[in-house]
Amino acid sequence: MMYQDILVVGGGLAGLAAALSSDPHLKVAVISKVHPLRSHSVAAQGGINAALGNNPDGKDDNWKKHAFDTIKGSDYLADQDAAELMCEKAISTIYELEHLGVPFSRFPGGVIAQRPFGGAGVPRTCYAADRTGLVLLHTLFEHSIRKRVKFYNEWLVTRLVVKDGKCLGVVVYDLATGQIMPIKARAVIFATGGYGRVYLRTTNSFINHGSGIGIAYRAGVPLKDMEFVQFHPTSLFGKNILITEGARGEGGHLVNNEGKRFMADYAPSAMELAPRDIVARAIQIEIDKGNGFENQYVHLDLKHLGEAKIKKRLPGIREICIDFAGIDPIDTPIPIQPAQHYSMGGIDVNAKCSSCVEGFFAAGECACVSIHGANRLGGNSLLDTVVFGRIAGEEASNYVKGSEVMDGNDKILLEEALGVKRGIEEWGKKDSGEKVHLLLNRLKVIMSEKVGLFRNKKDLAEALENISELREDYKRVHISGKCLRYSQELVNIIEFDSMLDLAEVITSGALKREETRGSHFRLDFKERNDKDWLKHTLVTWREDKPQITYKDVKIGKYKPVERKY
Ligand SMILES: Cc1cc2nc3c(=O)[nH]c(=O)nc-3n(C[C@H](O)[C@H](O)[C@H](O)COP(=O)(O)OP(=O)(O)OC[C@H]3O[C@@H](n4cnc5c(N)ncnc54)[C@H](O)[C@@H]3O)c2cc1C
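Residues numbered from 1 in each chain as written. Predicted model: local features only at pLDDT ≥ 70, side-chain atom pairs only at ≥ 80, totals over all residues. Heavy atoms only, no water.

Along its length, the chain carries 15 helices and 21 strands. Taking the principal axes of its C-alpha atoms as reference, the chain extends roughly 65 × 50 × 50 Å. Each of the 565 residues in the chain was classed as buried or not, and the buried ones make up 62%. Within the structure as shown, the chain displays about 21300 Å² of accessible surface, and the carbon and sulfur contribution to it stands at 51%. (Helix = DSSP H or I, 4+ residues; strand = E, 2+ residues; numbered from the N terminus. Buried < 20%, exposed > 50% of the residue type's maximum accessible area, 1.4 Å probe, protein only. Areas by Shrake-Rupley, 256 points an atom, 1.4 Å probe, with all protein chains shown as cover.)

What follows concerns the site of the ligand. Every one of the 37 residues lining the ligand counts as a neighbour, but Ser39, His40, Ser41, Glu365 and Ser381 are closest to it. At 2.9 Å from a nitrogen atom of the ligand is found a side-chain nitrogen or oxygen belonging to Ser211. Contact between the ligand and Leu382: an oxygen atom at 2.7 Å from a main-chain N or O atom of the residue. Against a free-state accessible area of 1000 Å², the protein chains account for coverage of 98% of the ligand. (Near = heavy atom within 4 Å. Polar contact = N/O pair within 3.5 Å; in protein donor to acceptor, adjacent residues only side chain to side chain.)

Further remarks concern the environment of Gly433. Along the chain, Gly433 falls in the loop between helix H11 (410-429) and helix H12 (436-450). Taking C-alpha positions, Gly433 is 9.2 Å from Ser480, a pair spaced 47 residues apart along the chain.

Here we take up the packing of aromatic side chains. Under the definition given, this model contains 14 aromatic pairs. Taken together, a centroid distance of 5.6 Å and an interplanar angle of 90 degrees make the contact between Tyr199 and Phe231 edge-to-face. Here Phe231 lies in strand S11 (residues 229-236) and Tyr199 lies in the loop between strand S9 (179-190) and helix H5 (211-218), a separation of 32 residues in the sequence. No difference in accessibility class separates Tyr199 from Phe231, as the two residues are buried. Three or more aromatic residues joined by ring pairs form one cluster here, namely Phe237, Phe293 and Tyr297. We note Lys535 situated over the ring of Trp533; from NZ or CZ to the ring centre the distance is 4.9 Å. The residue whose ring lies beneath Lys535 is Tyr550, and the NZ or CZ to ring-centre distance is 4.7 Å. (Phe/Tyr/Trp six-rings, centres within 6.5 Å; stacked < 30°, edge-to-face > 60°. Lys NZ or Arg CZ within 6 Å of the ring centre and 35° of its normal.)

Across the 9 residues that make up strand S8 (residues 166-174), a large majority, 8, are buried. The pairing of strand S7 (residues 155-163) with S8 spans 8 bridges and is antiparallel. Of the residues in S8, the one forming a bridge with Arg159 is Val171. Connecting S7 to the next strand, S8, in antiparallel fashion are 2 residues, including Asp164 with a positive phi near 50 degrees. Of the strand pairs in this sheet, S8 and S9 are connected by 6 bridges, and their pairing is antiparallel. (Pairing = 2+ DSSP bridges.)

Okay, here's the thing in structure tokens:
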């Protein structure tokens, strides 16, 4: 049976950061369901935050201001010690990335350039034009190759194996051979990214099914704050490709069908650079009031920035507009609408990235440390992946070096793999049944229509019923092609199970939380309620059903007050 000291699942930024920081004397491997360079991190556009103070408008910036902005942006649901840790580490992290070779954009004189982003008091987002994720991921990947990190690409993890509260390894589906096999590991780090494809309109890539989060949940690890789903204000109308917040950071205006910069009515000081939850809701309210175009979108106007600035700072956005909307933002406003973008919630871990299962760690978007609370600030996720990815690698190494070599668990791992094989055989035996892609489409519609930007009790309760109906239909799913090599249908069937779980956890958390906080907006409970709801939601799979409990938010020196922008 294949064995690793540390098994990292996920080849995005968090996974590569974890692999690179793991002790090189240990046997470390990265498993990814796609080639690492196709991980969703590669699509990140606008930038990564650190209080370098390089922008003339932010000379007196420091990590404490960054931490305060993060906590205020989170609507005070972030654990303040964790947010401070990330913001303090941000500065050295950026310089280390620079020394590894990340080609950041520069100000005249050579220092790393910084642009304004939403919810930040000063311009502190470092960037590489509008391709920041691409250059970060390529740089870390090159270093992984240099350090001879072992990669197993196009392997889908289907189960996390846990016995008596201890992680034993995983079961994988090797897409190229069609084989199902167990892998023994002393420590497992999940860095499996977000679940955007649970929604119809999303800026996430097609691979973002969130199965890692679902697999951890079924193995008994609680999920935290899953009801907090970020909707990005500006996705390209109809296609929902992201138009980075950097476009507003560079000075872009949001305009309704009367030509008015409507953010003046919603966030008079911050305007277009208010946090995402506020801007996304403002756009949707304008559209719903009839102030949009074709009742579906508003305009993001970049024309006044001029050709030179658009070409230099936002070349990727210009290409996206030309290729996917047939317009050039140099002379035409961009039609935009909100779309699902990010998961603030995830696998419950502490600031050392460790979970309640011994030897199991998580980092990046699949994890909830919790830094982002009820609403993440733009530029803080890339930072989260690198800072906590590294911590996960270091902590997993410490754990492995301090723990006993385990013997005698091969039988358990083999049985788990056999269980997965039997499930696949059952799906394959049926000649007819439900088609997974149709079930997936139904789920996306339910989540978008009933668990979206604006929520209420009736819709959320209905969504839960609809999800249960889907679960019944899923029992009748079948595989039409019998060859298991590169069976995308099989991948979808396996991952859909997790997607149903995630939809249920998001919706039940949202139904219970009778308040409005950050991205979670309840039309029937429009105020934030710190007395009853300043707490994290934990959902645990126990006795074959989800069980909801709560835990305290770690408040430090910033007492919760009303957010004003
Ligand atoms: C369009 C877009 C632009 C963004 N721009 C920014 C930005 O400018 N700044 C910012 O801070 N944030 C940005 N974000 C958010 C940020 O990019 C992501 O949160 C972050 O990159 C996630 O990194 P990750 O390493 O956690 O996961 P990912 O990069 O998504 O990687 C997940 C990995 O897990 C693997 N995987 C998943 N499930 C399995 C499984 N079951 N078995 C095996 N492997 C599996 C995948 O193959 C992949 O390698 C953006 C997000 C989007 C959608």
